[in-house]
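Fold and geometry: a report
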Amino acid sequence: MRIKSLNKIIYLIILLFCYSSCHNLFDDEDEPVTEYLVDYEMLKSYTPTQIEWAFDNFFSGYPDLMNIKNKFNLGLVVYEISYNTTFQGENKVASGLVCVPMGEGPFPVLSYQNGTNTEHNNAPSVNPNRDLYLMLEFISSAGFVIAVPDYLGFGSSDNMFHPYLHKESTVQSVIDMLRAVEEFAGIRLIQLKDDLYITGYSQGGWATLQLQKEIETKHSNEFRLKASAPCAGPYDLGYINDYIRGLSEYPMPYFLGYICHSYSNLEEMATPVSEIFKEPYASKIPTLYNGSKSGEAINTELTTVISNLLTQDYIQNFDTEEIYSSLRSALEENSISAWQTSVPTKIIHGTSDTFVPFEVSQNLH
């Protein structure tokens, strides 16, 4: 399989060529004043020769990438950063990856919001050698500063629950990371363009579109958003919920459990979990999302059969029963309503997607 070959080659690159070093922001006598950036650490670097070798050995199977191979001609350095943000009025230290081209610049910034993750050890800054993150790192070779937020609940903030599909905290943490990246660039003498590009997949597609709307409506004077490419996001959570309730089987039951676990911890959902999930699954939900289990492992603890997973009352009466009103409100509050965007936007979605139906993107468009 291509993925297995990719793994072997990538790990070989890491073992043979990468090196790391550390920098503590507060070791310098001439400490710069930063509002958002707390600390940064260099994790590894790639030379142009290493990147060219990687393209020749495992990107050759992707013709579209090979057509633009000549654009990937810079070395790059990968950092982990930690930064200040807020959550429900409290100060938090969050983290993420920053990938910087080796060159004079100026460089635009591309922020990638990653998809649904339940494992602490698969956060971008914790596992920067994961296939997806490695590919993102290589994009920096084309002349982009790449920002990859961990999200709250991962990396530096893994001592708290992850507020999954929560608009306010997601947007705040990503915007604050972009501010920290600007401060980091100033310290490292990295020339940045004002241009910002954003993209993401699944949860990250949802986060990207939430971020886009927030920037356009509230922060257009601070960020010059040039283009956005949200991919396969659950933009209308009410629609997703109705879609799942109408199925006989759903292959990703951990998505629904993740939402209920998040909204319950956020106190946005007053509905008891036992009114949504049948036993033994209702009792399991609070224990499954502690950062130690993958989505696949959580799925094995649940069931894909909807009539066995969800209560009959939830399936039939979710739209009308008062007991579900707080969840209905939370789903609506964290969905994305359409607006007349002024930013070039390409919504991408697979028409055969059975996890997040294609119609969610079609309807929003």
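Predicted model only: the values in this text are computed from it and were never measured. (Residues numbered from 1 in each chain as written. Predicted model: local features only at pLDDT ≥ 70, side-chain atom pairs only at ≥ 80, totals over all residues. Heavy atoms only, no water.)

A tally of regular secondary structure across the protein chain gives 14 helices and seven strands. Computed over the C-alpha atoms, the radius of gyration of the protein chain is 21 Å, within 12% of the 21 Å expected from 2.2 N^0.38 for a compact globule of 365 residues. Overall, the C-alpha framework of the protein chain stretches about 60 × 45 × 40 Å when taken along its three principal axes. Put simply, 77% of the contacts in the protein chain that link residues at least 6 apart link residues at least 24 apart. Total accessible area computed for the protein chain in this model is approximately 16,700 Å², and 48% of it derives from carbon and sulfur atoms. (Helix = DSSP H or I, 4+ residues; strand = E, 2+ residues; numbered from the N terminus. Rg over C-alpha atoms; globule rule 2.2 N^0.38 Å. Contact = heavy atoms within 4.5 Å. Areas by Shrake-Rupley, 256 points an atom, 1.4 Å probe, with all protein chains shown as cover.)

The next thing to look at is the pattern of salt bridges. Scanning the entire structure with this criterion turns up ten salt bridges. Glu222 serves as the salt-bridge partner of Arg179, at 2.8 Å between the closest nitrogen and oxygen. Separated by 43 residues along the polypeptide, Arg179 in helix H5 (residues 167–187) and Glu222 in the loop between helix H6 (203–218) and strand E7 (224–231) bring together distant segments of the chain. What you see here is one network of salt bridges that share partners, running through Asp176, Arg179 and Glu222. (Salt bridge = Lys/Arg side-chain N within 4 Å of Asp/Glu carboxyl O.)

Turning next to the pairing of strand E1 (residues 37–46). When you tally the buried positions in E1, you get eight out of ten residues, the bulk of the element. When E1 meets strand E2 (residues 76–87), the two strands line up antiparallel, connected through eight bridges. Looking across to E2, one finds that Ser45 is bridged to Val77. (Buried < 20%, exposed > 50% of the residue type's maximum accessible area, 1.4 Å probe, protein only. Pairing = 2+ DSSP bridges.)

Turning our attention to unusual backbone geometry. Put simply, Gly105 and Pro106 share a cis peptide bond, and its omega is 5°. Considering the arrangement of structural elements, one finds Pro106 in the loop between strand E3 (90–101) and strand E4 (107–113). With an omega dihedral of 5°, the bond running from Glu279 to Pro280 counts as a cis peptide bond. Relative to the elements of secondary structure, Pro280 occurs in the loop between helix H8 (253–265) and helix H9 (281–288). Phi at Tyr151 takes a positive value of approximately 80°, unusual for a residue other than glycine. Along the chain, Tyr151 turns up in the loop between strand E5 (145–149) and H5. The class of Tyr151 is buried, set by a relative accessible area of 4%. One non-glycine residue, Ser202, lies in the positive phi region at around 60°. Mapped onto the elements, Ser202 comes out in the loop between strand E6 (192–201) and H6. Take Ser202: its relative accessible area is 12%, and that puts it in the buried class.

Purely spatial values, then, with no claim about function.
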